[in-house]
Protein chains: 2
Amino acid sequence: MAVDRDQVLRAAASLLMRRSSATMDEVARAAGISRATLNRQFAGRDALVRALEDLGIAECEAAAERASVDEGPAPDAVRRLVRELEPAAGLLAFLYSENQLFEGDEQNEGWARLDARLVALFRRGQEAGEFRIDLSPVWLTEALYGLLVSAAWAVYEGRVAPKDSSSNVTELLLGGALRREK
Amino acid sequence: MAVDRDQVLRAAASLLMRRSSATMDEVARAAGISRATLNRQFAGRDALVRALEDLGIAECEAAAERASVDEGPAPDAVRRLVRELEPAAGLLAFLYSENQLFEGDEQNEGWARLDARLVALFRRGQEAGEFRIDLSPVWLTEALYGLLVSAAWAVYEGRVAPKDSSSNVTELLLGGALRREK
DNA sequence: CTCATATGAGACATTCGTGTCTCATATTGG
DNA sequence: CCAATATGAGACACGAATGTCTCATATGAG
């Protein structure tokens, strides 16, 4: 009987990624519950979006944890990270377009923690001579987010195959589009 | 006395990029006109967004024209294209997050034209042996959009310097993050 | 079984954005 | 100068989404 809060969040994320302007009623239907119950669990749309934000941050941190981003060669760490991050790409795409989250007075400090972690990863790769140093770690972090979101959209719209999503991001981010001279 | 339609669109784009949920009244104020006049020029919010979409497509096509994307080595063409596209990155960022544009029954065919042009560019580079062939031209096109949007956001939020925006996108898209062995 | 609790369905008022209208004022063209 | 036109300010009604409430029903615990 008890509503699975996590499942509701998943359904909401899945719908809001496609239509960020979806009604609370539509969200409720997508989650298989009534609008009343949805409002009982999340006091208003803001609370729902905040919960999705927390979920997104938690998933990203869990992915970073599973990928052991602080261990081994940085390029390999990036590959593992992207692979682990892929299931959360849809949710990330929604949060990415929800620019309202970043204009308020206080933004979730979880993003800062996550950013710091990724920035440290890229900096580590630079100091090890694995990454080029003319692209700042901050930019590489932003690019990682952007490519993940682009990949999620491309997959959703059927432009690229889901199975290629992860390698697409990784290969472009690390190797770029130019053909390598061996 | 006549309102500069183009200037209104610029102001609207500048505001809506930051706050896609901005009110028509806010848009009007940002453009320095009254809500009544705004509604006289654009019959409703939909019409405004459509006009912004047309503007964005036109700017992208103009950029592709100026960059002569069909001439010379493909990597150089990409460099020129990104440089010419940069001023429109903010507008692109707004349209990118306006996923409502792509869910309706008919979407602006301008995007298809633009996509085809960029896909052709990347395919040309592949056939010339300049670009790697394990990343599809479609994905490279999507990645180009995504990186442009990421760069625009990063600049807006002060994370990267505006002067580096263009080279950031170009260098990452073409060369990737890995350090090149000479 | 019985009771407490959670849910669904629906009604309700409120808020907010929107589109339209009017009228006064300012600007432009003849 | 005068007329035509465009603009600004404000009022107005309409619609949509939201948050809250009630009540009937279903589920689970003891």
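Residues numbered from 1 in each chain as written. Chains lettered and ligands numbered in written order. Predicted model: local features only at pLDDT ≥ 70, side-chain atom pairs only at ≥ 80, totals over all residues. Heavy atoms only, no water.

Description of the protein's contact with DNA strand D
- Near DNA strand D there are 18 residues, and of these T23, M24 and R45 of chain A together with V3 and T37 of chain B occur at the shortest range.
- When the atoms of DNA strand D within 4 Å of the protein are grouped by moiety, sugar and phosphate amount to 50% of the total.
- The side chain of R45 of chain A places a nitrogen or oxygen atom 2.9 Å from a phosphate oxygen of DNA strand D.
- At a separation of 3.0 Å, a phosphate oxygen of DNA strand D approaches a polar backbone atom of S34 of chain B.
- At the level of elements, helix 3 (35-41) of chain A together with helix 3 (35-41) of chain B are the ones that each hand at least two residues to the surface near DNA strand D. (Near = heavy atom within 4 Å. Polar contact = N/O pair within 3.5 Å; in protein donor to acceptor, adjacent residues only side chain to side chain. Helix = DSSP H or I, 4+ residues; strand = E, 2+ residues; numbered from the N terminus.)

Remarks on the relation of the copies chain B and chain A
- Note on the copies: chain B fits chain A at an RMSD of 0.1 Å, the axial shift is 0.0 Å, and the rotation between them is 180°. Taken together, the rotation and translation relating the two chain copies correspond to the operation of a two-fold axis. Measuring from the rotation axis to each C-alpha of chain B, the shortest distance belongs to G176 of chain B, at 1.8 Å.
- Looking at chain B, 100% of its interface residues are interface residues in chain A too, so the copies touch through the same face. (Least-squares fit on C-alpha atoms with pLDDT ≥ 70 in both. Contact = heavy atoms within 4.5 Å.)

Digging into the domain arrangement of chain A
All names here are of chain A.
- Here chain A is described as being made up of domain 1 (1-42) and domain 2 (52-175).
- A C-alpha centroid distance of 26 Å is found between domain 1 and domain 2.
- The partner domain 2 presents 10 residues to the 9 residues of domain 1 that form the contact.
- Taken together, both faces of the contact between domain 1 and domain 2 bury some 820 Å²; the carbon and sulfur share is 76%.
- At the junction of domain 1 and domain 2, the tally comes to 1 salt bridge.
- Our count for the domain 1 to domain 2 interface comes out at 1 residue pair in polar contact (both at pLDDT 80 or more).
- For the side of domain 1 that touches domain 2, the class distribution of residues is 5 nonpolar, 1 polar and 3 charged. (Domains from an automatic or database assignment. Buried area = accessible area lost by both parts, 1.4 Å probe. Salt bridge = Lys/Arg side-chain N within 4 Å of Asp/Glu carboxyl O. Nonpolar A, V, L, I, M, F, W, Y, C, P; charged D, E, K, R; others polar.)

Some words on the protein's contact with DNA strand C
- The environment of DNA strand C is made up of 18 residues, and the closest members are V3, S34 and T37 of chain A together with M24 and R45 of chain B.
- Each atom of DNA strand C within 4 Å of the protein was assigned to sugar, phosphate or base; sugar and phosphate come to 53%.
- At 3.2 Å from a base oxygen of DNA strand C is found a side-chain nitrogen or oxygen belonging to R40 of chain A.
- Contacts to DNA strand C include M24 of chain B, whose backbone N or O atom sits 2.8 Å from a phosphate oxygen.
- Listed by contribution, the elements that provide at least two residues to the surface near DNA strand C are helix 3 of chain A together with helix 3 and helix 4 (44-67) of chain B.
- In terms of residue count, helix 3 of chain A provides more of the surface near DNA strand C than any other element does, 4 residues in total.
- By residue class, the composition of the surface near DNA strand C is 7 nonpolar, 6 polar and 5 charged.

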